[in-house]
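# Residue-level structure breakdown
Now for the letters of each chain:
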Amino acid sequence: MWKISEDGRIDRLVVYVTVDGQPVPVGAITVEGKGAVRQSRFAYARSWLDGGFPISPILPLRAKATVSAPYELPLPFYDAAPDGWGRSILTAAFARQVFGMAEFLAAAGDDRTGDLRFGPAPESGPMQWVPHDDPLFALPDASESLQELVEAAEAVDAGEATVTHLRKLFRSSADTGGARPKARLRIDGEEWIAKFRTWGDAFDDPKIETVCLDLADKCGIDVPPHRLVDVAGRSVLLVQRFDREGDSRLGYMSAGTLVQASPSTYQTNVTYADVAAKARRSGIEPCEESIFRRMLFNAFIHNTDDHLRNHGFRRIDGKWTLSPAFDLVPCNRPSHALAPARGVAAIPDPVAMLDTSGAFGLDRGKAVEIYSDLVEGLASLPELLDRHEVSAKDRGTVAGLMPLAFNPPGIKTPAP
Ligand SMILES: Nc1ncnc2c1ncn2[C@@H]1O[C@H](COP(=O)(O)OP(=O)(O)OP(=O)(O)O)[C@@H](O)[C@H]1O
Ligand SMILES: [Mg+2]
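It should be emphasised that the depicted structure is a prediction, and the values quoted were computed from it without experimental measurement. (Residues numbered from 1 in each chain as written. Chains lettered and ligands numbered in written order. Predicted model: local features only at pLDDT ≥ 70, side-chain atom pairs only at ≥ 80, totals over all residues. Heavy atoms only, no water.)

## Topic: the coordination of the magnesium ion (ligand 2)
- Around the magnesium ion (ligand 2), the protein contributes the donor atoms Asn310 (OD1) and Asp327 (OD), at 2.1 Å from the metal centre. In this pair, asparagine 310 is assigned in the loop between helix H10 (288-300) and strand S13 (312-316) and aspartate 327 in the loop between strand S14 (319-322) and helix H11 (350-354), connecting sequence segments 17 residues apart. (Donors = N, O, S within 2.8 Å, 3.2 Å for Na, K, Ca; no water. Helix = DSSP H or I, 4+ residues; strand = E, 2+ residues; numbered from the N terminus.)

## Brief notes about the sheet that holds strand S8 (residues 226-231)
- Across the sheet, 4 strands lie side by side as S6-S7-S9-S8; this open sheet has antiparallel pairing. Every interior strand has two partners, whereas the edge strands, strand S6 (182-187) and S8, have only one. Strand-to-strand twist across the sheet, computed as the mean angle between neighbouring axes with direction ignored, equals 30 degrees.
- Bridge count between S8 and strand S9 (residues 234-240): 6 bridges; the pairing is antiparallel. In the sheet register, valine 229 faces S9, and the bridge partner there is valine 236.
- Where helix H5 (residues 146-157) meets the sheet, it contacts S6, strand S7 (190-195), S8 and S9, and its direction lies at approximately 110 degrees from that of S9.
- This element, helix H7 (residues 205-218), spans S7, S8 and S9 of the sheet and lies at about 40 degrees to S9. (Pairing = 2+ DSSP bridges. Axes fitted to C-alpha atoms, helices over the stretch in contact; angles between N-to-C directions. Contact = heavy atoms within 4.5 Å.)

## Some points on the environment of aspartate 363
- Looking at the secondary structure, you find aspartate 363 in the loop between H11 and helix H12 (364-378).
- Reaching out from aspartate 363, the side chain makes a polar contact with the backbone nitrogen of lysine 366 at a distance of 2.8 Å. (Polar contact = N/O pair within 3.5 Å; in protein donor to acceptor, adjacent residues only side chain to side chain.)

None of the figures reported here should be taken as evidence of function without further support.
If you want it as structure tokens, here you go:
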């Protein structure tokens with residue numbers, strides 16, 4: 001049923017969103033050209049133009065098609081596609097298939113991030129494409145236990161995955177974003193993401209990310225419900241999905257898509273202040289203060305891996321807002337991926353960042369208030385390390401990586 005070219009590539013994806021519990025086709029992506037990297041165009045369906053809504057702030061409702069060039073897909077679809085980890089599952093599972101973004105999008109599952117869904121035709125409904133109709137992968141899987149998923153992910157990480165491992169991950173993991181091994185699972189009727197340890201981690205990453213999420217919460221940052229679990233001796237971080245509310249799917253857009261940066265951008269000229277300003281101009285609920293607070297927090301915990309896909313927005317009841325924070329972990333890169341504001345160095349220095357408050361429309365007094373609030377929250381760090389039983393070795397590593405979180409520098413408060 002999928003429209004496949006002679007060389008086995010996906011030529012068309014129908015895009016759906018859910019309206020009143022039913023998937024409704026909103027338009028289609030048409031892929032053109034030969035070679036591994038192809039380009040595409042997206043056009044809204046005529047039926048959707050009359051009375052529908054734009055599926056992204058950067059895809060206005062209009063009859064004219066949006067071309068993807070110079071990228072493979074129009075940017076909003078990258079936020080619905082698998083990233084490093086999901087793509088590695090798909091390429092390992094279907095070694096004969098040539099994958100471009102269209103194939104990744106079609107072969108990822110229907111539990112993907114955000115509210116966009118994909119299928120072969122307007123009347124088919126959303127479906128997961130199984131390359132070559134491989135019968136081993138076409139079978140529905142029974143739901144997997146967390147331990148089975150951890151073991152399957154470890155096997156992939158070690159380059160020892162069997163078809164059984166890949167089948168489990170094809171069903172529960174191929175549509176996830178980010179590079180770290182992870183899987184989706186349903187617990188008591190709610191959707192969660194499980195983040196696992198991986199080869200080369202400098203410390204027990206799921207445990208330290210849990211500490212950082214707790215710390216962010218103490219610092220007044222909105223974080224999703226989360227918890228740390230032990231699965232046969234390995235730490236696993238469970239984070240509740242913020243792009244689901246019960247059975248409804250919420251729209252999701254990364255900051256990278258909002259500012260229309262290349263999907264492969266890492267270190268960039270785009271700044272935190274630019275993201276906040278672009279959000280305001282795009283009709284997203286103003287979020288300068290929250291972004292400023294998150295930026296300071298990232299500097300305190302030395303989360304320099306704060307790239308444009310580690311910030312996002314979600315659409316609830318038709319209104320786009322800043323999403324809860326995620327992926328908060330200290331990192332040994334010396335510079336942030338995003339500088340605070342134009343002309344300012346991207347160094348993790350929360351005191352220097354105070355001088356950029358004007359670029360966020362905040363006066364010095366407000367900036368100092370946010371700083372002081374963070375300092376108060378950071379005081380709970382030792383207690384959180386104890387609560388999560390972080391090892392002495394990891395405490396040492398973390399203390400070396402984020403000294404400012406343990407000893408926040410004092411600042412002068414402006415005269416009243
Ligand atoms: N709680 C959540 N609810 C919904 N989507 C989420 C949630 N947390 C993360 N995501 C989405 O999943 C993607 C990957 O998550 P995350 O950034 O935590 O993973 P990662 O593998 O550590 O990332 P990176 O590649 O940046 O190291 C995010 O970019 C975001 O789109
Ligand atoms: Mg990430």
